[in-house]
Amino acid sequence: MSAPREHFGSRIGFILAAAGSAVGIGNLVSFPVAATKSGGGAFLLVYALFVFLICLPVMMAELALGRKSDKDPVGAYRQLSGGSRLWRIPGWMALITPFMIAVFYMVVTVWVLGYLVEIFKGNLTGLTTEAYFGAFINSNAVFVYLIALMIIINGVLAMGVKDGIERAAKTLMPILFVMLLILVLFVLTRENAVLGLKYYLIPDFAKISPEVVSKAMAQAFFSLSLGMGIMITYGSYMKKRDSIPGSAKAVALTDTLVAFTAGLLILPSIFHFNPQIDPATLSDSSAGMIFLFLPKIFLSLQDSIGYIGASIVAATFFFLVLVAALTSLVSIIEVPVATLRDERGMSRKKAIYAIAAVQLVLAIACAMSFGMSGPLTELISIGGANKSFFDLVEILFYDTILPLNGFLVCIFVIYKWKKANLDRELQEGDSSFAGSLSQKYVNFALGTFIPAILLLVFINTVLLKFFNTSLLNLI
Ligand code: TRP
């Protein structure tokens, strides 16, 4: 007989763990840059609308699926579909997606860890050249850091939901909030900081094109840990007496606030470094920003606060990114762990070892696809360009499949599991939900325009990534 299901100890514990999952490298880096390039305040507005009108209901649906079934994603789809063969597919997708995202995300996190260690060693100057990055990601040090990272993450997971995941989130997330605020306050006192704020905040509605809208939508969905099976799994650890709508709102709000606040840090730093910079020239890739651009910015602070001061700021920032990435990784690896436990009856430890073994091999393959291994570096041609194994994993699982998973969640919840059941689960622990406007909205939107939008985003991404075109070009 297996042990009773683990639960989060408190509502705030759940909220911090789920927010820890949602807050990641994207919030801290890609979001602010995307906002600045795509209309500043206008982008922020569109983004916020997507978060609360489109993504929040999906989060509620995922949490409800998990809590009702008390299972991992595979088990949740199986149980709530009454064992339908067809509906097994999204269950498996909600397992493979997080598994593969974890592999790719671990490699980026390893680089963050490596950079942080270098800053501690006093080597901030060394990090500011492009050659350094290329040499670092192809050095054997990467494998050492990978092992260290896996020990940390799996160590947290081994302690379980309450003593591992929840405790880590309750310790790390407040540190993240405080450090972020301190950095923002510091940066805002720098010269030309206001210029950055202008670009970030002043709305330019002329920049809001269909591409920008679709980018905002994809970013919002991805930032909230949706379509990754995470919220289904975390939902299964929620207590019946806790409100799903209320907790989901708190998670969405925290995630959005952190992303917004990160912009108050990144943009002023960039403009302090170079007041003449044209934001359009900033790199779209988070990796480009973090490893090639930001170290230069931090180093430039030495003119006013000295080398040690600049190193402290840089170390604080890299530590923030590391914490954000760690809590995301913990949440995403918990999905396959939960699946092996629920579906195969494995113990937590055994499940962790099994998953870590496979992920280690795949992560090494990813890490070697930047030149160390020729075949992995030029694995496949997609949309006319050679892509590495790392790129392939990113494109398939990070960029493309999430909105499809989200679409399937909506269709499943409303048309297979049925509206009334969703409704009942959302009211459990939240008596104020019954009869509320939110309830009417969620019931209607999840069965109509939300899945329609997610399907469009999915189709558009496939066209963009694989065929170098977009829906707009086809119309
Ligand atoms: N919000 C994350 C980011 O900004 C994306 C993300 C959400 C994620 N959940 C995750 C990444 C789980 C890795 C694992 O990067």
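You'll find the structure just up there.
To start, this report covers the structure provided alongside it. This is a predicted model, so every value here is computed, not measured.

### Describing the site of the ligand
Among the 15 residues in the neighbourhood of the ligand, the closest are listed as A22, G26, N27, Y105 and S225. A22 places a polar main-chain atom, nitrogen or oxygen, 2.3 Å from a nitrogen atom of the ligand. At 2.8 Å, a side-chain N or O of Y105 approaches an oxygen atom of the ligand. The pocket occupied by the ligand, as judged from atoms lying within 2 Å of grid points, is the largest cavity.

### Observations concerning a nonpolar patch on the surface
Nonpolar side chains collect at one region of the surface, where L45, L49, L53 and F205 lie side by side and expose about 400 Å² of accessible area between them. Among the secondary structure elements, L49 is positioned in helix 3 (residues 41-69). Exposure remark for L49: the relative accessible area of 49% places this residue in the partly exposed category.

### Concerning the packing of helix 2 (residues 25-37) against helix 14 (residues 302-344)
Between helix 2 and helix 14, the least distance of the axes is 7 Å, while the angle of their chain directions is 120 degrees. When the interaxial angle is binned, helix 2 and helix 14 end up oblique. Packed against helix 2, whose contacting residues are I25, L28 and V29, the element helix 14 presents F317, L320, V321, A324 and A325 at the interface.

### A few points about the pattern of salt bridges
The tally for this structure, following the rule as stated, stands at twelve salt bridges. K121 serves as the salt-bridge partner of E118, at 3.1 Å between the closest nitrogen and oxygen. On the accessibility criterion, E118 (11% relative accessible area) is buried. The exposed category is assigned to K121, whose relative accessible area is 57%. As a salt-bridge pair, K240 and E425 come within 3.1 Å of each other at their nearest N and O atoms. You can see K240 sitting in the loop between helix 11 (230-235) and helix 12 (244-273) and its partner E425 sitting in helix 17 (residues 389-427), a full 185 residues away along the chain. Salt bridges sharing partners connect three or more residues here, namely E6, E334, R341 and R348.

### Details of the nonpolar core
Grouped together as the largest cluster of nonpolar side chains are 172 residues, with contacts concentrated most on W111, I270, F317, F318 and L422. With sequence-adjacent residues up to four places away left out, I270 is seen in contact with I277, L282, M289, F293 and I297.

### Brief notes about helix 6 (residues 130-137)
For helix 6, the full list of buried residues reads Y132, F133, F136 and I137. Buried residues in helix 6, looked at end-on, bunch into an arc of 115 degrees, giving them a common side. Residues of helix 6 that are exposed and angled more than 90 degrees away from the buried face: E130 and A131.

### As for the environment of F458
Along the chain, F458 turns up in helix 19 (residues 449-467). Here the alpha-carbon distance between F458 and T125, two residues 333 residues apart in the chain, equals 42 Å. Among residues more than four places away in sequence, those in contact with F458 are T400, P403 and L404.

### Some words on empty space enclosed by the protein
Under the definition given, this model contains three cavities of 30 Å³ or more. In this structure, the largest cavity encloses a volume near 150 Å³. Surrounding the largest cavity, 17 residues form its lining, S21, Y105, M228, S328 and Y398 being those nearest its centre. Of all elements in the fold, only helix 1 (11-22), helix 2, helix 5 (88-120), helix 10 (210-223) and helix 14 reach the threshold of two or more residues within the lining of the largest cavity. Tallied by class, the residues present in the lining of the largest cavity amount to nine nonpolar, eight polar and no charged.

Conventions and cut-offs
Residues numbered from 1 in each chain as written. Predicted model: local features only at pLDDT ≥ 70, side-chain atom pairs only at ≥ 80, totals over all residues. Heavy atoms only, no water. Near = heavy atom within 4 Å. Polar contact = N/O pair within 3.5 Å; in protein donor to acceptor, adjacent residues only side chain to side chain. 1 Å grid on protein atoms, 1.4 Å probe; cavity = no way out; pocket = protein on both sides within 12 Å on 5 of 7 lines; lining within 4 Å. Sits in = over half its atoms within 2 Å of the grid points. Patch = residues over 30% accessible without salt bridge, like charges linked within 9 Å, V, L, I, M, F, W, Y side chains within 5 Å. Areas by Shrake-Rupley, 256 points an atom, 1.4 Å probe, with all protein chains shown as cover. Salt bridge = Lys/Arg side-chain N within 4 Å of Asp/Glu carboxyl O. Helix = DSSP H or I, 4+ residues; strand = E, 2+ residues; numbered from the N terminus. Buried < 20%, exposed > 50% of the residue type's maximum accessible area, 1.4 Å probe, protein only. Axes fitted to C-alpha atoms, helices over the stretch in contact; angles between N-to-C directions. Parallel < 35°, antiparallel > 145°, perpendicular 65-115°, else oblique. Contact = heavy atoms within 4.5 Å. Core = buried A, V, L, I, M, F, W, Y, C linked by side-chain atoms within 4.5 Å. Arc of directions from axis to C-beta. Points joined across faces, edges and corners; volume = space filled by probe spheres on them. Nonpolar A, V, L, I, M, F, W, Y, C, P; charged D, E, K, R; others polar.

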